[in-house]
Amino acid sequence: MSSETAFATGQRARGLGPFLRSQMRNIAPFLTLIFLSAFFALASPSFATLDNLGNILTQVSVTGIIAVGLTFVILCAEIDLSIAGIANVTGIAVAFFTAQESYVNIANLPLPGAVAILLAIALCAALGLVNALGLTVIGIPSFIMTLAMMQIAAGISAMLVRGQIAYKVPDVITTLGSGSVGGIPWIVIVAAIMLLGGHLVLTYTRFGRYVYMVGGNREAAEYAGLNVKLILGAVMVISAVCSGIGGMLGVAHFGSAQQNEFDTYLLDSIAAVVVGGTSLFGGRGGIGNTIVGLFVLGVLNNGLDHVNIDSFLKILIRGLILLAALIINVYAQRLREKAAE
């Protein structure tokens, strides 16, 4: 090997190391997905089947719908802890405005299906707007503001159903939440459309570029003339509306609307975004990362059921994987800051 060839090879090798470190946040979740899929496929013959793939897609659909909006928020280096509460109150609201069977002991207000859906969406958008105003006008940190909204949404849910359970929702919501077309559940199709829409907005629109700019360097975005408060307010409303849609379809999918039905979706949605590789510090990641995170969580939860792991151990394993993702996230941010010096 000539000296020139050896030098060039050394340069490529040295260049590969920094590249791999800079892409660790994206590579690690993908490798985790491959490892988990291979492990469960070997551990259980019932895991690696088309039917089970359909089960996984269905299981992560509601989380995926909610995670679309949350991705926008986290890309702006903010957080939304009210997503589960807003999903719950929106699902309950659409049932509250739908005529229930006589055995349902709820003093509700039956309205036409289209009106019920519009009112439910208006409710979640209004709650998102309150989050936005608290963050951008009053200056309350998003963590605290959305923590308060989580309790407000829970209170509204409790007032609407008062401990009872509602079952009926408008027909179109029932179809989208629990029906199928050509053997494919509608809820999977809706989740795919929303994930695709979120990706297109973030990748190909001016608003999407602004989201990345605000999350990457807020001061620079302000100096560039961006209305940072408007962008932050918009992503909070987007998050609330996505949560509301997930809540409505989730109620139809589960077959009932009741208090605390979506509590676990807060951790699941945050985990999907973070495990997938979107930076908690903003400006890095996107819907593609969220999709990988959804599959990691879906494969993990489904696979653990197939190998009959103790349910308490399952919770511990999920927590450890989330912790690993957070460590990678923080480490990747440090590498990025070091490279910028």
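Residues numbered from 1 in each chain as written. Predicted model: local features only at pLDDT ≥ 70, side-chain atom pairs only at ≥ 80, totals over all residues. Heavy atoms only, no water.

Engineer: Would you explain helix α7 (residues 142–161) in this entry?
Structural biologist: Side chains of residues three or four places apart in an α-helix project in the same direction, reflecting 3.6 residues per turn. The end-to-end C-alpha distance of α7, which contains 20 residues, comes to 28 Å, matching closely the 28 Å that a straight helix rising 1.5 Å per residue would cover. Of all the residues in α7, the buried ones are S142, M145, T146, M149, A153, S157, L160 and V161. Down the axis of α7, the buried side of the element spans an arc of 120 degrees, and every buried residue falls inside it. Residues of α7 that are exposed and point more than 90 degrees away from the buried face comprise Q151 and M159. On its buried side, α7 packs onto α5 (83–96), α6 (113–138) and α12 (228–254). Within two residues after α7, R162 carries a phi angle of roughly 50 degrees, on the positive side. (Helix = DSSP H or I, 4+ residues; strand = E, 2+ residues; numbered from the N terminus. Expected span 1.5 Å × (residues − 1). Buried < 20%, exposed > 50% of the residue type's maximum accessible area, 1.4 Å probe, protein only. Arc of directions from axis to C-beta. Contact = heavy atoms within 4.5 Å.)

Engineer: What is the right way to read the packing of aromatic side chains from this model?
Structural biologist: Both the distance between ring centres and the angle between the ring planes are used here to describe each pair of aromatic rings. Using the criterion set out here, one finds nine aromatic pairs in the structure. With centroids separated by 5.3 Å and ring planes inclined at 80 degrees, the aromatic side chains of F96 and F97 adopt a geometry described as edge-to-face. Residue F96 is classed as buried on the basis of its relative accessible area, which comes to 16%. According to the relative accessible area criterion, F97 is buried, its value standing at 16%. Between the aromatic rings of F254 and Y265, the centroid separation amounts to 6.4 Å while the plane-to-plane angle is 45 degrees, which identifies the pairing as tilted. With a gap of eleven residues between them, F254 in helix α12 and Y265 in helix α13 (residues 265–275) connect regions that are remote in the sequence. With a relative accessible area of 10%, Y265 lands in the buried category. (Phe/Tyr/Trp six-rings, centres within 6.5 Å; stacked < 30°, edge-to-face > 60°.)

Engineer: Any chance you could explain unusual backbone geometry here in plain terms?
Structural biologist: Generally, phi is negative for residues other than glycine and the peptide bonds are trans, each holding for most cases. Positive phi values are uncommon outside glycine, yet R162 reaches one of about 50 degrees. By the secondary structure assignment, R162 is in the loop between α7 and α8 (171–178). Phi at N260 takes a positive value of approximately 65 degrees, unusual for a residue other than glycine. Following the sequence through the fold, N260 ends up in the loop between α12 and α13.

Engineer: What is the right way to read the confidence of the model for the protein chain from this model?
Structural biologist: Mean pLDDT over the protein chain works out to 88, with 90% of the residues at or above the 70 mark. The model gives residues 6–14 a pLDDT under 50, and that stretch makes two contacts with residues more than four places away or in other chains. (pLDDT = per-residue confidence, 0-100.)

Engineer: What am I meant to see in the UniProt feature "transmembrane region" (unreviewed entry) in the protein chain here?
Structural biologist: Under the UniProt annotation, the feature "transmembrane region" (unreviewed entry) is placed at residues 30–50, 56–74, 81–99, 111–130, 142–163, 183–205, 226–250 and 312–332. Secondary structure within residues 30–50 divides into 71% helix and 0% strand; the distance between the first and last C-alpha atoms comes to 20 Å. Spanning residues 183–205, this segment combines 83% helix with 9% strand, and its end C-alpha atoms are found 34 Å apart. (UniProt positions renumbered as here; feature names shortened; annotations may be inferred.)

Engineer: Teacher, can you tell me more about the pattern of salt bridges here?
Structural biologist: Pairing between side chains becomes possible if they bear opposite charge and their charged atoms approach one another. Taken as a whole and assessed by the stated rule, the structure comprises one salt bridge. Ionic pairing is found between R218 and E78, a salt bridge with its closest N-O pair at 3.0 Å. One end of the pair, R218, is in helix α11 (residues 218–223); the other, E78, is in the loop between α4 (61–75) and α5, with 140 residues separating them in the sequence. (Salt bridge = Lys/Arg side-chain N within 4 Å of Asp/Glu carboxyl O.)

Engineer: I tried to follow helix α14 (residues 287–306) on my own but got confused; where do I start?
Structural biologist: Helix length check: α14 (20 residues) gives 28 Å between terminal C-alpha atoms against 28 Å at 1.5 Å per residue, within 8%. Across the 20 residues that make up α14, a large majority, 15, are buried. Following α14 by one or two positions, N308 adopts a phi angle in the positive range, close to 55 degrees.

Engineer: I would appreciate a short explanation of the packing of helix α9 (residues 186–204) against helix α10 (residues 206–216) in the present structure.
Structural biologist: Any two packed helices are characterised by how steeply their axes cross, that is the angle between the axes, and by the distance between the axes. At a minimum axis separation of 5 Å, α9 and α10 run at an interaxial angle of 75 degrees. When the interaxial angle is binned, α9 and α10 end up roughly perpendicular. On the side of α9, the interface is formed by V201, L202 and Y204, while α10 contributes R206, F207, G208, R209, V211 and Y212. Along the lines of polarity and charge, the residues of the contact of α9 with α10 split into six nonpolar, one polar and two charged. (Axes fitted to C-alpha atoms, helices over the stretch in contact; angles between N-to-C directions. Parallel < 35°, antiparallel > 145°, perpendicular 65-115°, else oblique. Nonpolar A, V, L, I, M, F, W, Y, C, P; charged D, E, K, R; others polar.)

Engineer: Explain the side chain of N302 here, please?
Structural biologist: Looking at the element boundaries, N302 is found in helix α14. Among the polar contacts made by the side chain of N302, one reaches the side chain of N52 at a distance of 2.8 Å. With sequence-adjacent residues up to four places away left out, N302 is seen in contact with F47, N52, N55, I56 and Q59. (Polar contact = N/O pair within 3.5 Å; in protein donor to acceptor, adjacent residues only side chain to side chain.)

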